[in-house]
Amino acid sequence: MGLLTPLSLLVTDLDNTLVGNDRALDRLNQVLHRYRQTWGTKIVYATGRSRASYQDLATTKPLMVPDALIAAVGTEIYLSSSELPDREWVDKLGSGWHREEIVTIASRFADLAPQPAAEQRPYKVSYYLSASVVTAVVPRLQELLSQQGLDVEVIYSGSKDLDILPRGGDKGTAVQFLRDRWQIEPSQTVVCGDSGNDIALFKYGRERGIIVGNAQSELRLWHELHPVDYHYLAVAGYADGMMEGLRYFRFIA
Ligand code: GLC
Ligand code: MG
């Protein structure tokens, strides 16, 4: 399998995108190794998980060490092996974020069940919300938040998770931030995902986007409504879907 076009940056979600089919993950890891050696390709994981939860996953799955970890749905960026989140990114998110007020407003909704404490982060408030009530709850929640002047993003993923983040704190904005810092063109960047919190990866720039074949309905629907020739919906699932997309964009033969 040859490498055709230089790939400077590969950004991928973890759960149900890179991770989900162990043999496919092994196959893709081999290709990414060769990319790194040949072109110094940077690899970034963009996950909803906290860093601690990512580290748990990394003990059970053979994940290559990334150049950066975008954690907590975009609100935290860890470069290489740094223990602390990137300061410049944190400073961007801080202004206008009122965590306590958000929690108070959300507590008025009986259908919003708080996620475990470990997944509540300084710039991310997370709940479980059943898919059967999402269309009733989310618009009302958004309205109340904006009436209070709270400029936030409400993101629903996997038909169960609801995250509230500062506006501009999502995975996609985090990728734009890293591309700027590393001076990487969108045309040499690939982003991959499967669910609602990955929509932001696809919606800002002209990065090449791969939606894996097992993607959730919220991302599929978004893709149907925003078709562009630089996004590809794979047939295969998980890392095999990523491989299929890399082939489609001629990054591999
Ligand atoms: C991960 C996080 C969770 C979040 C979900 C969707 O599962 O642990 O807090 O709600 O991703 O973004
Ligand atoms: Mg996922």
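Cut-offs used in this document
Residues numbered from 1 in each chain as written. Chains lettered and ligands numbered in written order. Predicted model: local features only at pLDDT ≥ 70, side-chain atom pairs only at ≥ 80, totals over all residues. Heavy atoms only, no water. Helix = DSSP H or I, 4+ residues; strand = E, 2+ residues; numbered from the N terminus. Expected span 1.5 Å × (residues − 1). Buried < 20%, exposed > 50% of the residue type's maximum accessible area, 1.4 Å probe, protein only. Arc of directions from axis to C-beta. Contact = heavy atoms within 4.5 Å. Near = heavy atom within 4 Å. Polar contact = N/O pair within 3.5 Å; in protein donor to acceptor, adjacent residues only side chain to side chain. Areas by Shrake-Rupley, 256 points an atom, 1.4 Å probe, with all protein chains shown as cover. Nonpolar A, V, L, I, M, F, W, Y, C, P; charged D, E, K, R; others polar. Domains from an automatic or database assignment. Phe/Tyr/Trp six-rings, centres within 6.5 Å; stacked < 30°, edge-to-face > 60°.

What to know about helix H5 (residues 134-147)
Helix length check: H5 (14 residues) gives 20 Å between terminal C-alpha atoms against 20 Å at 1.5 Å per residue, within 8%. Within H5, burial applies to Val134, Val137, Val138, Leu141 and Leu145. Relative to the axis of H5, the buried residues are bounded by an arc of 95 degrees and lie together on one face. Residues Thr135, Ser146 and Gln147 are exposed on H5 and point more than 90 degrees away from its buried face. Those residues of H5 that are buried lie in contact with helix H4 (99-106), strand S7 (152-157) and strand S8 (161-166). In the stretch just after H5, Gly149 is the one whose phi turns positive, near 75 degrees.

Quick look at the site of ligand 1
All residues in the neighbourhood of ligand 1 are listed as Gly48, Arg49, Val73, Gln115, Glu119, Lys124, Ser126, Ser157, Asp161, Asp163 and Asn197. Separating an oxygen atom of ligand 1 from a side-chain N or O atom of Lys124 is a distance of 2.7 Å. Between an oxygen atom of ligand 1 and a side-chain N or O atom of Asp163, the distance comes to 2.6 Å. Within the complex, 83% of the 310 Å² of free accessible area of ligand 1 lies under protein. Here the residues of the shell around ligand 1 are counted per class, giving 1 nonpolar, 5 polar and 5 charged. A domain-level breakdown of the shell around ligand 1 finds at least three residues from each of domain 1 (9-90 + 169-248) and domain 2 (92-166).

Here's the deal with the packing of aromatic side chains
Taken as a whole and assessed by the stated rule, the structure comprises 7 aromatic pairs. Measuring from centroid to centroid gives 6.4 Å for Phe202 and Trp222, while their planes differ by 45 degrees, and the two rings are tilted. Taken as a pair, Phe202 in helix H7 (residues 199-203) and Trp222 in helix H8 (residues 217-225) lie far apart in primary sequence, 20 residues in all. Under the relative-accessibility criterion, Phe202 is labelled buried at 2%. In textbook terms, an aromatic cluster arises when at least three aromatic residues are bridged by ring pairs, as seen for Tyr232, Tyr248 and Phe249.

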